[in-house]
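One-letter residues, chain by chain:
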Amino acid sequence: MPVRLGFSVGESFAEAIGPAGDDSTFLAPHRWHLPRKSLTDGIRDWLGESASDGGEIRIVSSLAGFALHKNLGTKPSFLVTTGFESWLSVNSPVIEGSRGALPLSDDLTFGISERLRADGSVETPLNLDDLQFLAAKLEMLKTKAIAVGLLHSDVNPIHEVQIRDYFKERGYTVFCSHEQTPDNAMVGCHERDRWLRAAFDAYASNALQDQKIEFEEALGEHKEKWTLQFVTASDANGPLHRGLGYRSSFGDAEALGTVYGQKAPVLHLGLEQFLLIESERGGVPDRDPRVPTYCGLRHRRLGVQPSSPIESGFWPAPTVGPAPRGFEPGPMAFGKAQHPTVFDVVFALERLDAIDGLNLQEKSRSRALESLFTLAKSIAKVPDPKAIAKDLETLIIERMNEDLLILGKRTEIIVTGALAKAFLPLLEARRPDIRFRLAPQAEWAEAIAARELPNEARA
Amino acid sequence: MRKSWGFAEFQADTLFHLFERALELAGSGSAALVTMDGKALHVRTVHPADTATLPAAATQCQQYLHLKDGDVALINDPFAGGTRLSDLTLVAGVTFEGSDPCDVLIAYRLGFDPRFSLDGKLDDEGLRIPPMPLVAQGKTNKEILAAIASAPQAPLGLQAALEQALAGLERTRVYLKTCGKDPHNDLRKANFKKYLEQTRTAVDRWITKLPLGETMISTQLETGERLKLRLEIHDDKVIFDFSGTDSSSHVQLTDLTTFGACFRAIEAALGKRLPANAGSFQHIQVLAPARTWVNAKAPAATTRGVSDGLAIISALAMKGFGKLASAQKSAGSGHASSRIRLDFKDGRCFTDATAGGSGARNQTAGLDAFSVWLEHESRALSIERAERAYPLQIRSVVSRPGSGGKGKWAGGQGLVKSYCVLETARLSWALEQARVKPEGIDGGKAGLSAEIAIARSGSSESEDLPSSGTLELQPGDVIHLHTAGGGGFGEPDSTPAIS
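Draft legend 1. Layout of the overall build of chain A. The helix and strand inventory of chain A stands at eleven helices and 21 strands. A sequence separation of at least 24 residues applies to 69% of the contacts in chain A between residues at least 6 apart. When the accessible surface of chain A is totalled, it reaches about 17400 Å², and 50% of it is carbon and sulfur.

Below you can see the structure in the form of structure tokens.
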């Protein structure tokens, strides 16, 4: 069996893990801070000479979601039935006074002269000459990925297939809206959801392709010896475009939780996200030859996240805000941000001191405590900063428990992630009826090495 | 739970999130938790009309059916806590421990494409359902379910949607029971009163952020009926007095729906969602004289009132807030819908509501084809589903260029939708903002008004239609609907308008 490595690439941290075995090179899990060491350098340093061994690499990445939220990614071209070029943009939800971030641009959206009737019969056939004209345009625009959304293509995909074949032959990566599986409940759904999903997939594909190149650079001359796969997941309450209500097959899953299968729910308390991984779920097919993927697990993001802000709430008390701030600039603990987060509360209470590779700044601890104190003081009379942090910590545990209660009666929950040790005693105290089992890293690594995942990529 | 720094509000915060999480599990529709004495504990609204109506629907069901743990009732009567006949409310009883009596009620609302009546007749808008037992002692009454689903006026997909909603309600019920059994959890009846009191006190803090004062504003419906509003903002209360408002035969809503419009207008003025419960409701007083169109009585039709009427009330209230505080000023919006209904010979009925562009605000351009009050309804149309279910084809949906008013900040564009009927049908339509253009503000220009035209099969010309009416259509006839643009904000200057 080939060596199988797992990488989790977040906004600020990358984590790597490999199997325990005779070759001790892979024994130590490794974490590094991306602003200090690039992804490529970190992979190269960690692998060392072992890069020549070859094997499999599985990657969880938050890059696509990050790019979308920060509007940094390369938007794909979108081909849609003529007359409906603006249907997606007028159908996107409005959040805080503006349309949600769409992975599309009006300049890259093109009407295709074709029409199917509701029963799937062809009313206006697709004209391949039109595609020739379009191909010239896409070449000029340096398009890499194309999303296609045609009316009634879920009943009869003939035109989408013709378009896909035409552009695939010319080297483009094409995502068609009809290419959905019943598992994803996209058949017969609102055309908006089907089209958006194709668009998000094309967008994520562009972003992940860039990341794949970084991995290949790190592997250097040995890259042919490794197979790279990005992990996807069915996210119970929000994929990469969380809050917009859309789905994409490139959700930012927690790959490494897959080792536990359905034995018990996994509470993943990572540096950048908290997830409750509930059960295995069937696969989304591999749809991009450039970025092989397989489906990970169904998971639920907790209502509280490491970068959730501590802010003045509706009631006159500090609270945990609903919208995580992400890791750019991230928590105060890393020295760049001005506002405290959940991460900073735990940091202020000295619960992170034993965790390696975080590059936390000691002076930030007092700044975090000060900001918590200032926040609370503006609202009510408070005793001391540490007491505030402790009360907030209690609130955070209450919020986590709200998610745990969704599981119903459970006797065991496995806890993983860099922050697991920090929260474990608090969870045990709050829920004495549950046995929280800290996942030992070695077991994790062995399982990654041993387990055959159910939805192997075709590539 | 720790209270070392004396924040009882921590408990309120925790309860709020727990309620929110519980209702999330029910589904994506509006939902509420209601105490057994009829007080709203938590309302999560998709549509502002649900704010006060959901608790009322729950109370009606409990009053007539005495729900036990796990029992579920169904209701849609607009004059017994409903909104419009196309919106169905399910109400379930929950007991935290044991099975009787219930501790709280869960109400969940699911909406279907609303029919509207040009004549103002409720019966023409669907089937009126009084409180009806759907699940009792763990058994679903499949006969009732099938009978409702097979009624001629029942919306498509009703049975499947109801079954899905029942599953969601059950998830919420199980979650609440699990929380109720947690010895450290704050979910106890004794805390509800305290929670509502804490909300009331906390809302005080927010109400003081509104500008004190009073103002009088008015507007007219498309058909000329007046809406008058005296808005009074006091230290701890906002009064919406609609005295002097006319009655109307086509745009009508209940006083509870009007309350929801006013509540949402306060939230919009504050720029903050407030916990919607009996505590926060105490800060709002709505004076809606009976028989005016803001407090219609049975058997008035309510579909247009619940969407267009509510949008007009909210927009007027926002205008009032804008008069009292310039930061709230906003240009006029194509906020009300342009609505069509197609009755086919075989009894099928297609309806669609399309929003216009929103008005620009200081520093913010308007949004295309968007009304916060119609968001849920406007986004519901699926072209594919409509074409599968009805003999029609939607030919195009495009932005209406130039429809947004010019200004330093441009108004949002309206939409142009084209529908082609494939069988004989009777078209009914009703446009708001067809006569009066959505106004610009501070030098901004008005948006274009709504329009509708018909192109007969085989004819190359189209004929403009008035703002409402009915017409017989033949196969191949095409309806072109143009929704209004939003008004612009500020004098358009030499620099291009920002949109």
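Draft legend 2. Here's a closer look at the overall build of chain B. Secondary structure summary: chain B contains ten helices and 20 strands in total. For 499 residues, the compact-globule estimate of 2.2 N^0.38 gives 23 Å, and chain B sits close to it at 23 Å. Counting only C-alpha atoms, chain B reaches 70 × 55 × 40 Å along its principal axes. Within chain B, the fraction of its 499 residues that count as buried is 61%. Summarising the internal contacts of chain B: among those between residues at least 6 apart in sequence, 70% fall at separations of at least 24. Surface summary for chain B: the accessible area is close to 18500 Å², and the carbon and sulfur share equals 50%. Measuring between centres, the 55 positive side-chain charges of chain B sit 3 Å from its 56 negative side-chain charges.

Draft legend 3. Here's a closer look at the sheet that holds strand E5 (residues 104-111) of chain B. Residues and elements named next belong to chain B. Spatially, the seven strands line up as an open sheet ordered E2-E1-E5-E4-E3-E6-E7, and their pairing is antiparallel. Each end of this open sheet is capped by a strand with a single partner; those strands are strand E2 (40-44) and strand E7 (139-140). Where strand E3 (residues 72-75) and strand E6 (residues 132-136) come together, three bridges link them in antiparallel fashion. When the bridges of E6 are listed, Leu-74 appears paired with Met-132. Across the sheet, helix H3 (residues 142-150) touches E3, E6 and E7, and the angle it forms with E6 is around 135°. The sheet strands contacting helix H4 (residues 158-181) are strand E1 (31-35), E3, strand E4 (87-94), E5, E6 and E7, and the helix crosses E4 at an angle near 30°.

Draft legend 4. Examining the packing of helix H2 (residues 63-70) of chain A against helix H6 (residues 191-219) of chain A more closely. Residue and element names in this part refer to chain A. Between H2 and H6, the least distance of the axes is 9 Å, while the angle of their chain directions is 115°. When the interaxial angle is binned, H2 and H6 end up roughly perpendicular. Every pair of crossing elements has a handedness; the one defined by H2 and H6 is right-handed. Contacts between H2 and H6 involve Leu-63, Ala-64, Ala-67 and Leu-68 on the former and, on the latter, Phe-200, Tyr-203, Ala-204, Ala-207 and Gln-211.

Draft legend 5. Main features of the nonpolar core. If you look at the biggest cluster of nonpolar residues, it comprises 105 residues, and the most contacted ones within it are B:Leu90, B:Leu176, B:Phe240, B:Ile266 and B:Phe321. Ranked by residues supplied to this core, first place goes to H4(B) with nine residues.

Draft legend 6. Examining the sheet that holds strand E16 (residues 425-431) of chain B more closely. Residues and elements named next belong to chain B. Taken in spatial order, the four strands line up as E13-E12-E16-E19 in an open sheet, and their pairing is antiparallel. The two strands at the open ends of the sheet, each matched to only one other strand, are strand E13 (349-354) and strand E19 (468-473). Across the sheet, the mean angle separating the axes of adjacent strands is 15° when strand polarity is ignored. Where strand E12 (residues 338-344) and E13 come together, six bridges link them in antiparallel fashion. Bridging across to E13, Ile-340 finds its partner in Asp-352.

Draft legend 7. Layout of the pairing of strand E14 (residues 266-269) of chain A. Residue and element names in this part refer to chain A. Alternating residues of E14 divide into Val-266 and His-268 and Leu-267 and Leu-269, and every residue in both groups is buried. With three bridges connecting them, E14 and strand E20 (residues 412-416) associate as parallel partners. Paired with Leu-267 across the strands is Val-415, a residue of E20.

Draft legend 8. Fine view of the environment of B:Leu367. Mapped onto the secondary structure, B:Leu367 falls in the loop between E13 and helix H9 (375-378). Taking the C-alpha atoms as reference points, B:Leu367 and B:His17, 350 residues apart in sequence, are found 31 Å from one another.

Draft legend 9. View of the confidence of the model for chain A. Residue and element names in this part refer to chain A. This prediction gives chain A a mean pLDDT of 77; 75% of its residues lie at or above 70. A low-confidence stretch, residues 23-27 (pLDDT under 50), is modelled with 15 contacts involving residues beyond four sequence positions or located in other chains. Predicted confidence for residues 234-262 stays below pLDDT 50, and this span has 122 contacts to residues more than four positions away or in other chains.

Draft legend 10. Highlighting helix H8 (residues 303-324) of chain B. All names here are of chain B. Given a rise of 1.5 Å per residue, 22 residues ought to cover 32 Å, and the 31 Å separating the end C-alpha atoms of H8 matches this to within 8%. Residue Gly-309 marks the point of greatest curvature in H8, where the axis turns by about 35°. By the criterion of burial, H8 is predominantly enclosed, with 18 of the 22 residues buried.

Draft legend 11. Spatial organisation of the interface of chain A and chain B. The interface is formed by 59 residues belonging to chain A together with 54 residues belonging to chain B. Note on chain A versus chain B: buried area summed over both sides is about 4800 Å², and carbon and sulfur give 57% of it. Ranking the residues of chain A by area buried against chain B places A:Phe314, A:Trp315 and A:Asp391 at the top, with a combined share of 18%. Here A:Asp403 ties to B:Arg21 by a salt bridge, and the two come within 2.1 Å at their closest N and O atoms. The tally of links from chain A across to chain B stands at 21 residue pairs in polar contact (both at pLDDT 80 or more). When residues of the side of chain A that touches chain B are traced back to their parent elements, those giving at least two are helix H3 (87-91), strand E7 (98-99), H6, strand E19 (318-320) and helix H9 (385-406) of chain A. The dominant element in the side of chain A that touches chain B, judged by the number of residues it contributes, is H9(A), at 14 residues. For the side of chain A that touches chain B, the per-class residue count stands at 26 nonpolar, 17 polar and 16 charged.

Draft legend 12. Seen up close, unusual backbone geometry. Of note, the bond from B:Ala298 into B:Pro299 is cis; its omega dihedral lies within 30 degrees of zero at 5°. With respect to the element layout, B:Pro299 can be found in the loop between strand E11 (284-287) and H8.

Draft legend 13. Looking closely at the packing of H9(A) against H4(B). With their axes 9 Å apart at the nearest point, H9(A) and H4(B) run at an angle of 125° to one another. It follows that H9(A) is oblique to H4(B) by the angle criterion. For the element pair H9(A) and H4(B), the recorded crossing hand is right-handed. Between H9(A) and H4(B), the residues in contact are A:Glu402, A:Leu405 and A:Ile406 and B:Tyr175, B:Thr178 and B:Cys179, respectively. Residues that form the contact of H9(A) with H4(B) fall into these classes: four nonpolar, one polar and one charged.

Draft legend 14. Here's a closer look at the packing of aromatic side chains. Within this structure, the stated rule accounts for 22 aromatic pairs over all chains. Between the aromatic rings of A:Phe314 and B:Trp206, the centroid separation amounts to 6.4 Å while the plane-to-plane angle is 5°, which identifies the pairing as stacked. Placement of the pair is A:Phe314 in the loop between strand E18 (310-312) and E19 and B:Trp206 in helix H5 (residues 189-207), with the two residues belonging to separate chains. Residue class for B:Trp206 comes out buried when judged on its relative accessible area of 13%. Both rings, one in A:Phe327 and one in A:Phe343, keep their centres 6.4 Å apart while their planes meet at 85°; by these two values the pair is edge-to-face. With A:Phe327 in the loop between E19 and helix H7 (342-348) and A:Phe343 in helix H7, the pair connects residues that are 16 residues apart, well separated along the chain. Among the residues examined, A:Phe327 registers a relative accessible area of 3% and is labelled buried. Its relative accessible area of 1% is what places A:Phe343 among the buried residues.

Draft legend 15. Main features of the confidence of the model for chain B. Residues and elements named next belong to chain B. Residues at a pLDDT of 70 or more form 92% of chain B, whose mean pLDDT is 89. Overall, residues 1-7 carries pLDDT values under 50, and its contacts beyond four positions in sequence, including any with other chains, amount to 31 contacts. Under the prediction, the complex receives an ipTM of 0.83, its pTM being 0.85.

Draft legend 16. Highlighting the pattern of salt bridges. Tallied over the entire structure, the rule returns 48 salt bridges over all chains. A:Glu169 is paired through a salt bridge with A:Arg170; the nearest N and O atoms lie 3.7 Å apart. You can call A:Glu169 exposed: its relative accessible area is 67%. Owing to a relative accessible area of 41%, A:Arg170 belongs among the partly exposed residues under this scheme. Note that B:Arg304 and B:Asp308 form a salt bridge whose closest N and O atoms lie 3.8 Å from each other.

Draft legend 17. Spotlight on the environment of A:Asp433. Residues and elements named next belong to chain A. By the secondary structure assignment, Asp-433 is in the loop between helix H10 (420-430) and strand E21 (435-438). Given a relative accessible area of 47%, Asp-433 falls into the partly exposed group. In the structure, Asp-433 is positioned 217 residues away from Glu-216 in sequence and 47 Å away in space, judged by C-alpha atoms. In this view, Asp-433 contacts Arg-410 and Thr-411; residues no more than four positions away in its chain are not counted. A distance of 2.9 Å separates the side chain of Asp-433 from the side chain of Arg-431, its partner in a polar contact.

Definitions and limits used
- Residues numbered from 1 in each chain as written.
- Chains lettered and ligands numbered in written order.
- Predicted model: local features only at pLDDT ≥ 70, side-chain atom pairs only at ≥ 80, totals over all residues.
- Heavy atoms only, no water.
- Helix = DSSP H or I, 4+ residues; strand = E, 2+ residues; numbered from the N terminus.
- Contact = heavy atoms within 4.5 Å.
- Areas by Shrake-Rupley, 256 points an atom, 1.4 Å probe, with all protein chains shown as cover.
- Rg over C-alpha atoms; globule rule 2.2 N^0.38 Å.
- Buried < 20%, exposed > 50% of the residue type's maximum accessible area, 1.4 Å probe, protein only.
- Lys, Arg positive; Asp, Glu negative; His and termini not counted.
- Charge placed at Lys NZ, Arg CZ, Asp CG, Glu CD.
- Pairing = 2+ DSSP bridges.
- Axes fitted to C-alpha atoms, helices over the stretch in contact; angles between N-to-C directions.
- Parallel < 35°, antiparallel > 145°, perpendicular 65-115°, else oblique.
- Left-handed = near helix turned anticlockwise from the far one by under 90°.
- Core = buried A, V, L, I, M, F, W, Y, C linked by side-chain atoms within 4.5 Å.
- pLDDT = per-residue confidence, 0-100.
- Expected span 1.5 Å × (residues − 1).
- Bend = angle between axes of the 7 residues up to and from the residue.
- Buried area = accessible area lost by both parts, 1.4 Å probe.
- Salt bridge = Lys/Arg side-chain N within 4 Å of Asp/Glu carboxyl O.
- Polar contact = N/O pair within 3.5 Å; in protein donor to acceptor, adjacent residues only side chain to side chain.
- Nonpolar A, V, L, I, M, F, W, Y, C, P; charged D, E, K, R; others polar.
- Phe/Tyr/Trp six-rings, centres within 6.5 Å; stacked < 30°, edge-to-face > 60°.

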